Amino acid sequence: MADAKWQDLGPAEAFQRSDLTEASLGRQKLAVSCKDGKLGVIAGTCNHVGGPLGKGRLDGEYVVCPWHNWKFHRSTGKGEPGFEEDCVPAYESKVEKGRLLVRTDNPSARNRKPHAPHPLARKIERLPGAIRVAGISTTNMDEANPRYSTSDALLEVALGHAKGALKCDTKLIRLSALKFRSCEGYYSKSASACTWPCSITQMDEKDELTEVYEALVHWADVVLVSTPIRWGVASGLYFKMAERLNCVQNQITIRDNVLIRRKVAAFVITGGQDNVQGVAGQMLCFFSELGFHFPQFPYIAHSRGWSAEDMERNVAHVMQSKELREGAKQLAARAVELSKNLLATAPMVEHTPRGGRKAYRLEIERSATGSNT
Ligand code: FES
């Protein structure tokens, strides 16, 4: 008579054909590994944020999670050296009559070693004080040999006005001065693999985009973003930052966790050539998806147009334009005014109902993953 403690996972030979296979025990996933013909069975759900261990890879005796590369011993379930206490359940297994049997009544215990949360993960609270305005310059620049940047120049006017006449606290962040990695597509692995704080930020303490996350999510009431127009779109650095901000937007999609509340964004867009509308449209779309509010007329812009290949005159025009400087000041004033109104009248709610962008795929993944043991 069959022993109910032992469950048949299938032909052993099928599991011996590859290093690592995801198997199912009811609703539960397992990671079945094979090294030198010997099979090992551990739980298939990672301790970090639930990555599918059976879809990872084998590195020596360790199963490597496909999401953020945490490692667990393929037969004991223990974490890699130094993290042994961080372990996933391991299962006894045997091969009988060519079938892989796994014992289900006594897997070892899962143990999550507490990891200190990243400072960015702290509660979002607006500390008392003047309105805080962060300027983010996205133009690329040789920091050692800077050139005149029209978008930077107008951003600095806006920030100067916020600090002087409007009595705000201000800070300027130049993306060109920060060393930060490009988004590595954790979201493309799974919605849940794109974490807040950003997976890269948590793994790489040298990554300097933390400064932007701190400003956008925690510090600032108003964010002024400046960009040049490059071939009809915002700068490459702008998109490098925007891709890394997917972790902020993704929290809304997968957890209904809106990190950006009662904050205002506005934009400075300049270019020698055209497509102000396209650039503004993209920026408005993206920052609205993050949860920002916009003042009336939320951007100022300047371009010379498609047929004006005279960059020197473009620079001279911006340098001399009182009107653009006045526009930059008024943009800052509108954004600060809206921020004051929001802080005075909009309660800091925990939940913002928003339909239409449910992470259906995530729900499917969750139900397929089953319990977390
Ligand atoms: S390393 Fe496994 S989910 Fe992050």
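This text goes with the structure placed above it.
A brief report on the enclosed structure follows. (Residues numbered from 1 in each chain as written. Predicted model: local features only at pLDDT ≥ 70, side-chain atom pairs only at ≥ 80, totals over all residues. Heavy atoms only, no water.)

## With respect to the sheet that holds strand β10 (residues 99–103)
Here comes step 1: Taken in spatial order, the three strands make up an open sheet running β1-β10-β9, and their pairing is antiparallel. Each edge of the open sheet is held by one strand with a lone partner, namely β1 (6–11) and β9 (93–96). Averaged over all adjacent pairs, the angle separating strand axes in this sheet is 30°, with direction ignored.
Here comes step 2: In the sheet, β9 pairs with β10 via four bridges, with the strands oriented antiparallel. Residue pairing in the sheet places Lys 94 in a bridge with Leu 101 of β10. (Pairing = 2+ DSSP bridges. Helix = DSSP H or I, 4+ residues; strand = E, 2+ residues; numbered from the N terminus. Axes fitted to C-alpha atoms, helices over the stretch in contact; angles between N-to-C directions.)

## What about the environment of Ser 149?
Here comes step 1: Position of Ser 149 relative to the elements: it lies in the loop between β11 (132–137) and α2 (150–163).
Here comes step 2: Owing to a relative accessible area of 5%, Ser 149 belongs among the buried residues under this scheme.
Here comes step 3: Linking Ser 149 and Gly 271, residues 122 residues apart in sequence, is a C-alpha distance of 9.8 Å.
Here comes step 4: With residues up to four places along the chain from it excluded, the contact list for Ser 149 reads Thr 139 and Met 141. (Buried < 20%, exposed > 50% of the residue type's maximum accessible area, 1.4 Å probe, protein only. Contact = heavy atoms within 4.5 Å.)

## Section: helix α10 (residues 322–345)
For the α-helix, the turn length of 3.6 residues means that residues three or four positions removed from each other point alike.
Here comes step 1: Taking 1.5 Å per residue, 24 residues should reach 34 Å; α10 reaches 34 Å between its end C-alpha atoms and fits that length.
Here comes step 2: By the burial criterion, the buried members of α10 are Leu 324, Gly 327, Ala 328, Leu 331, Ala 332, Ala 335, Val 336, Ser 339 and Leu 342.
Here comes step 3: Looking at where α10 begins, the residue whose side-chain oxygen comes 3.4 Å from the main-chain nitrogen of Glu 323 is Ser 321. (Expected span 1.5 Å × (residues − 1). Polar contact = N/O pair within 3.5 Å; in protein donor to acceptor, adjacent residues only side chain to side chain.)

## Comments concerning the nonpolar core
A general feature of soluble globular proteins is that nonpolar side chains tend to end up buried together.
Here comes step 1: By size, the foremost hydrophobic cluster in this structure holds 70 residues, and its most contacted members are Val 248 and Phe 287.
Here comes step 2: In terms of residues, this core owes the most to one element, helix α8 (residues 276–290), which gives seven residues.
Here comes step 3: Taken domain by domain, this core gets at least three of its residues from each of domain 1 (6–115) and domain 2 (119–345).
Here comes step 4: Ignoring anything within four residues of it in the chain, the contact list for Phe 287 reads Leu 216, Val 225, Tyr 238, Met 241, Ala 265, Phe 267, Phe 292 and Phe 294. (Core = buried A, V, L, I, M, F, W, Y, C linked by side-chain atoms within 4.5 Å. Domains from an automatic or database assignment.)

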